[in-house]
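Architecture and fold: a report
Given next are the chains, with one letter for each unit.
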Amino acid sequence: MSEVKLAAETRTEFGKGAARRIRRDNKVPGVLYGHGSEPLHLTLPGHDLLLALRTPNVLISLDIDGKTNELAIPKAVQRDALKGFLEHVDLLLVKRGEKVTVEVPVHTEGELAPGGNLLEHVLNALPVEAEATHIPEAVTVSVEGLEAGASVLAKDITLPNGTTLAVEEDAVVLQVLAAQVEEAAEGEEAAQGEEASAEA
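Summary of the structure given here. Here the structure is a predicted model, which means the values were calculated and not measured. (Residues numbered from 1 in each chain as written. Predicted model: local features only at pLDDT ≥ 70, side-chain atom pairs only at ≥ 80, totals over all residues. Heavy atoms only, no water.)

What about the layout of surface pockets?
Using the following cut-off: Lining residues are defined by having an atom within 4 Å of a point belonging to a cavity or pocket. Those points lie on a 1 Å grid over the protein atoms alone, cavities being sets where a 1.4 Å probe fits but cannot get out and pockets being open sets with protein on both sides within 12 Å along at least five of seven lines. Grid points are joined across faces, edges and corners, and a volume is the space filled by probe spheres set on the points. To qualify as a helix, a DSSP run of H or I must reach at least 4 residues; to qualify as a strand, a run of E must reach at least 2; elements of each kind are numbered from the N terminus.
Considered as a void within the structure, the largest pocket measures approximately 200 Å³ in volume. As for the largest pocket, its lining consists of 13 residues, and the residues nearest its centre are Pro56, Asn57, Pro74, Lys75 and Val77. Those elements giving two or more residues to the lining of the largest pocket turn out to be strand 5 (68-79) and strand 7 (99-109). A per-element tally of the lining of the largest pocket places strand 5 first, with six residues.

A look at the pairing of strand 1 (residues 3-10)
Regular strands show a simple pattern: their side chains alternate between the two faces of the sheet. Basically, it comes down to this: Two strands pair if DSSP finds at least two bridges between them.
Relative to strand 4 (residues 59-64), strand 1 runs parallel, the two being bridged by six bridges. Bridge assignment links Ala8 to a residue of strand 4, and that residue is Ile64. Sheet topology places strand 1 next to strand 3 (residues 37-45); two bridges connect them, and they run antiparallel. Bridge assignment links Thr10 to a residue of strand 3, and that residue is Leu42.

Some details on the pattern of salt bridges
Rules: Put simply, a salt bridge is a Lys or Arg side-chain nitrogen that is within 4 Å of an Asp or Glu carboxyl oxygen. Only protein chains enter the calculation, and the probe is 1.4 Å; a residue is then buried if its accessible area is under 20% of its type maximum, exposed if over 50%, and partly exposed in between.
Considering all chains together, one arrives at four salt bridges under this definition. Linking Glu9 and Lys27 is a salt bridge whose minimum nitrogen-to-oxygen distance equals 3.3 Å. With a gap of 18 residues between them, Glu9 in strand 1 and Lys27 in strand 2 (residues 27-34) connect regions that are remote in the sequence. Relative accessible area serves as the criterion here: at 39%, Glu9 is assigned to the partly exposed category. Overall, the relative accessible area of 29% leaves Lys27 in the partly exposed class.

With respect to the sheet that holds strand 11 (residues 151-153)
Keep this limit in mind: Orientation is described by axes fitted as lines to C-alpha atoms, over the contacting stretch for helices, and by angles from 0 to 180 degrees between their N-to-C directions.
Taken in spatial order, the three strands line up as 8-13-11 in an open sheet, and their pairing is antiparallel. Across the chains shown, the open sheet's two edge strands, defined by having one partner strand only, are strand 8 (118-121) and strand 11. When strand polarity is set aside, the average angle formed by the axes of neighbouring strands in this sheet is 15°. Two elements, strand 8 and strand 13 (residues 172-177), share four bridges in a ladder whose sense is antiparallel. The residue of strand 13 that forms the bridge with Glu120 is Gln175.

Digging into the nonpolar core
Taken as a class, soluble globular proteins show a tendency for nonpolar side chains to be buried jointly. How we decide: Buried residues of nine kinds, namely Ala, Val, Leu, Ile, Met, Phe, Trp, Tyr and Cys, make up a nonpolar core once their side-chain atoms join them within 4.5 Å.
By size, the foremost hydrophobic cluster in this structure holds 25 residues, and its most contacted members are Ile73, Val94, Val100, Val102, Leu126, Ile157 and Val173. For this core, the secondary structure elements donating two or more residues are strand 5, strand 6 (86-94), strand 7, strand 9 (125-131), strand 10 (139-142) and strand 13. Among the elements that take part in this core, strand 7 stands out by supplying four residues, more than any other. In terms of nonpolar packing, the next biggest core, distinct from the first, is built from 18 residues, Leu32, Leu53, Leu86 and Val89 among them.

Considering helix 1 (residues 16-24)
Two residues of an α-helix separated by three or four positions point the same way, owing to the 3.6 residues in each turn. Where we set the bar: Arc, as used here, means the arc of the directions from the helix axis to the C-beta atoms. The contact rule is simple, with two residues in contact once any of their heavy atoms fall within 4.5 Å.
Of the positions making up helix 1, those classed as buried are Ala18, Ala19 and Ile22. Relative to the axis of helix 1, the buried residues are bounded by an arc of 100° and lie together on one face. Exposed side chains of helix 1 directed beyond 90 degrees from the buried face belong to Lys16 and Arg24. Summarising the contacts, the buried residues of helix 1 are in contact with strand 2 and strand 3. At the exit of helix 1 stands Asn26, carrying a positive phi of roughly 60°.

Following this line, the structure appears as C-alpha coordinates:
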(Lines give C-alpha, C1' and ligand atoms only; values in the text may rest on other atoms or scores of the structure.)
Protein backbone atom coordinates (compact mmCIF):
# COMPACT_ATOMS: atom_id res chain seq x y z
CA MET A 1 0.00 0.00 0.00
CA SER A 2 1.14 3.53 -0.61
CA GLU A 3 2.49 5.81 2.07
CA VAL A 4 1.30 9.42 2.18
CA LYS A 5 3.61 12.07 3.58
CA LEU A 6 2.04 14.93 5.55
CA ALA A 7 3.65 17.84 7.34
CA ALA A 8 2.22 18.25 10.84
CA GLU A 9 2.71 20.88 13.52
CA THR A 10 2.37 20.34 17.24
CA ARG A 11 -0.59 22.20 18.70
CA THR A 12 -0.60 24.14 21.96
CA GLU A 13 -4.05 25.78 21.73
CA PHE A 14 -7.12 23.76 22.64
CA GLY A 15 -10.88 24.23 22.82
CA LYS A 16 -13.56 25.10 20.28
CA GLY A 17 -12.23 28.58 19.52
CA ALA A 18 -8.76 27.23 18.73
CA ALA A 19 -10.24 24.43 16.60
CA ARG A 20 -12.30 26.97 14.61
CA ARG A 21 -9.19 29.11 13.99
CA ILE A 22 -7.29 26.03 12.79
CA ARG A 23 -10.12 25.08 10.39
CA ARG A 24 -10.30 28.68 9.08
CA ASP A 25 -6.68 28.23 7.98
CA ASN A 26 -7.74 25.11 6.01
CA LYS A 27 -6.10 22.88 8.57
CA VAL A 28 -7.46 20.08 10.75
CA PRO A 29 -6.82 19.47 14.47
CA GLY A 30 -5.78 15.93 15.32
CA VAL A 31 -4.35 13.68 18.01
CA LEU A 32 -1.60 11.08 17.59
CA TYR A 33 -1.55 8.34 20.22
CA GLY A 34 -0.35 4.79 20.77
CA HIS A 35 2.57 2.72 22.12
CA GLY A 36 1.92 4.02 25.62
CA SER A 37 3.18 7.50 24.72
CA GLU A 38 1.46 10.72 25.71
CA PRO A 39 -1.14 11.83 23.12
CA LEU A 40 0.40 14.39 20.79
CA HIS A 41 -1.93 17.19 19.63
CA LEU A 42 -1.30 18.13 16.00
CA THR A 43 -2.43 20.46 13.26
CA LEU A 44 -2.60 18.83 9.81
CA PRO A 45 -3.03 20.26 6.28
CA GLY A 46 -6.77 19.98 5.50
CA HIS A 47 -6.74 19.37 1.74
CA ASP A 48 -3.84 16.89 1.80
CA LEU A 49 -5.42 15.00 4.70
CA LEU A 50 -8.78 14.85 2.90
CA LEU A 51 -7.11 13.35 -0.18
CA ALA A 52 -5.17 10.85 1.95
CA LEU A 53 -8.33 9.67 3.76
CA ARG A 54 -9.93 8.64 0.47
CA THR A 55 -7.83 5.48 0.85
CA PRO A 56 -9.19 3.31 3.69
CA ASN A 57 -6.58 2.62 6.41
CA VAL A 58 -4.05 4.83 4.61
CA LEU A 59 -0.52 4.75 6.03
CA ILE A 60 0.51 8.32 6.85
CA SER A 61 4.12 9.38 7.29
CA LEU A 62 4.05 12.43 9.57
CA ASP A 63 6.82 14.99 9.45
CA ILE A 64 6.24 16.67 12.82
CA ASP A 65 7.64 20.22 13.09
CA GLY A 66 10.35 19.19 10.63
CA LYS A 67 12.07 17.29 13.47
CA THR A 68 10.57 13.82 13.85
CA ASN A 69 8.95 11.31 11.52
CA GLU A 70 6.21 8.99 12.71
CA LEU A 71 3.99 6.45 10.94
CA ALA A 72 0.27 6.47 11.69
CA ILE A 73 -3.06 5.16 10.46
CA PRO A 74 -6.42 6.97 10.86
CA LYS A 75 -8.45 5.56 13.74
CA ALA A 76 -11.39 7.99 13.97
CA VAL A 77 -12.43 10.80 11.65
CA GLN A 78 -15.04 13.42 12.55
CA ARG A 79 -16.72 15.29 9.69
CA ASP A 80 -19.22 18.11 9.70
CA ALA A 81 -22.64 16.45 9.32
CA LEU A 82 -23.88 18.99 6.76
CA LYS A 83 -20.88 20.26 4.85
CA GLY A 84 -18.69 17.17 5.12
CA PHE A 85 -15.45 18.99 5.95
CA LEU A 86 -13.00 17.41 8.39
CA GLU A 87 -13.44 18.52 11.99
CA HIS A 88 -10.94 16.29 13.79
CA VAL A 89 -8.87 13.17 13.21
CA ASP A 90 -7.45 10.57 15.63
CA LEU A 91 -4.27 8.91 14.39
CA LEU A 92 -2.81 5.68 15.76
CA LEU A 93 0.98 5.50 16.00
CA VAL A 94 2.36 2.37 14.27
CA LYS A 95 5.80 0.86 13.68
CA ARG A 96 7.05 -0.97 10.59
CA GLY A 97 6.49 -4.71 10.99
CA GLU A 98 3.88 -4.21 13.72
CA LYS A 99 0.51 -5.96 13.40
CA VAL A 100 -2.63 -3.84 13.73
CA THR A 101 -6.33 -4.68 13.69
CA VAL A 102 -8.31 -2.70 11.12
CA GLU A 103 -11.55 -2.95 9.15
CA VAL A 104 -11.09 -3.45 5.39
CA PRO A 105 -13.90 -2.58 2.92
CA VAL A 106 -15.60 -5.56 1.22
CA HIS A 107 -16.07 -5.21 -2.55
CA THR A 108 -18.09 -7.63 -4.68
CA GLU A 109 -17.79 -8.72 -8.29
CA GLY A 110 -19.96 -10.87 -10.55
CA GLU A 111 -23.72 -11.26 -11.03
CA LEU A 112 -26.14 -13.10 -8.76
CA ALA A 113 -28.20 -15.96 -10.17
CA PRO A 114 -31.15 -14.68 -12.29
CA GLY A 115 -34.39 -13.92 -10.47
CA GLY A 116 -34.14 -10.45 -8.97
CA ASN A 117 -32.37 -11.58 -5.81
CA LEU A 118 -30.90 -8.95 -3.47
CA LEU A 119 -27.38 -8.94 -2.04
CA GLU A 120 -27.18 -7.84 1.58
CA HIS A 121 -23.87 -6.65 3.06
CA VAL A 122 -24.09 -7.93 6.63
CA LEU A 123 -20.56 -6.59 7.16
CA ASN A 124 -19.52 -3.63 5.02
CA ALA A 125 -15.99 -3.98 6.32
CA LEU A 126 -14.08 -7.08 7.39
CA PRO A 127 -12.04 -6.90 10.62
CA VAL A 128 -8.53 -8.20 9.88
CA GLU A 129 -5.08 -8.18 11.42
CA ALA A 130 -2.28 -7.07 9.12
CA GLU A 131 1.17 -5.56 9.20
CA ALA A 132 0.85 -1.79 9.57
CA THR A 133 2.78 -1.15 6.35
CA HIS A 134 0.89 -3.81 4.37
CA ILE A 135 -2.79 -3.20 5.14
CA PRO A 136 -4.94 -4.27 2.16
CA GLU A 137 -7.06 -1.43 0.75
CA ALA A 138 -10.02 -3.80 0.26
CA VAL A 139 -10.99 -7.44 -0.18
CA THR A 140 -12.95 -8.57 -3.23
CA VAL A 141 -15.55 -11.35 -3.11
CA SER A 142 -17.11 -13.05 -6.15
CA VAL A 143 -20.90 -13.41 -5.89
CA GLU A 144 -21.18 -14.92 -9.38
CA GLY A 145 -24.22 -17.22 -9.64
CA LEU A 146 -25.15 -17.12 -5.94
CA GLU A 147 -28.82 -17.95 -5.36
CA ALA A 148 -31.32 -16.91 -2.69
CA GLY A 149 -30.35 -18.28 0.70
CA ALA A 150 -26.63 -18.37 -0.10
CA SER A 151 -24.22 -16.60 2.21
CA VAL A 152 -20.51 -15.78 2.22
CA LEU A 153 -18.73 -16.35 5.53
CA ALA A 154 -15.57 -14.61 6.71
CA LYS A 155 -13.57 -17.83 6.24
CA ASP A 156 -14.67 -17.98 2.56
CA ILE A 157 -12.85 -14.72 1.73
CA THR A 158 -9.33 -14.94 0.31
CA LEU A 159 -7.01 -12.64 2.22
CA PRO A 160 -3.63 -11.33 1.05
CA ASN A 161 -0.50 -12.96 2.49
CA GLY A 162 0.25 -11.80 6.02
CA THR A 163 -3.37 -10.82 6.68
CA THR A 164 -5.55 -12.84 9.07
CA LEU A 165 -9.17 -12.60 10.20
CA ALA A 166 -9.95 -10.62 13.35
CA VAL A 167 -13.54 -11.90 13.45
CA GLU A 168 -15.18 -15.32 13.92
CA GLU A 169 -14.59 -17.54 10.88
CA ASP A 170 -18.34 -18.31 10.67
CA ALA A 171 -19.37 -14.62 10.73
CA VAL A 172 -21.73 -13.88 7.81
CA VAL A 173 -20.32 -11.16 5.56
CA LEU A 174 -22.77 -11.31 2.62
CA GLN A 175 -26.10 -13.04 2.09
CA VAL A 176 -28.48 -13.34 -0.84
CA LEU A 177 -32.14 -12.54 -0.20
CA ALA A 178 -35.07 -13.48 -2.44
CA ALA A 179 -36.94 -10.26 -3.24
CA GLN A 180 -40.10 -11.83 -4.75
CA VAL A 181 -40.74 -14.17 -1.83
CA GLU A 182 -40.92 -11.22 0.59
CA GLU A 183 -43.26 -9.31 -1.76
CA ALA A 184 -45.52 -12.35 -2.15
CA ALA A 185 -45.70 -12.84 1.61
CA GLU A 186 -46.64 -9.18 2.10
CA GLY A 187 -49.35 -9.56 -0.56
CA GLU A 188 -50.81 -12.59 1.22
CA GLU A 189 -50.86 -10.74 4.55
CA ALA A 190 -52.65 -7.79 2.93
CA ALA A 191 -55.19 -10.13 1.32
CA GLN A 192 -55.82 -11.88 4.64
CA GLY A 193 -56.28 -8.49 6.31
CA GLU A 194 -58.86 -7.49 3.68
CA GLU A 195 -60.75 -10.79 4.13
CA ALA A 196 -60.81 -10.29 7.90
CA SER A 197 -62.16 -6.74 7.58
CA ALA A 198 -64.78 -7.93 5.03
CA GLU A 199 -65.95 -10.66 7.45
CA ALA A 200 -66.15 -8.11 10.26
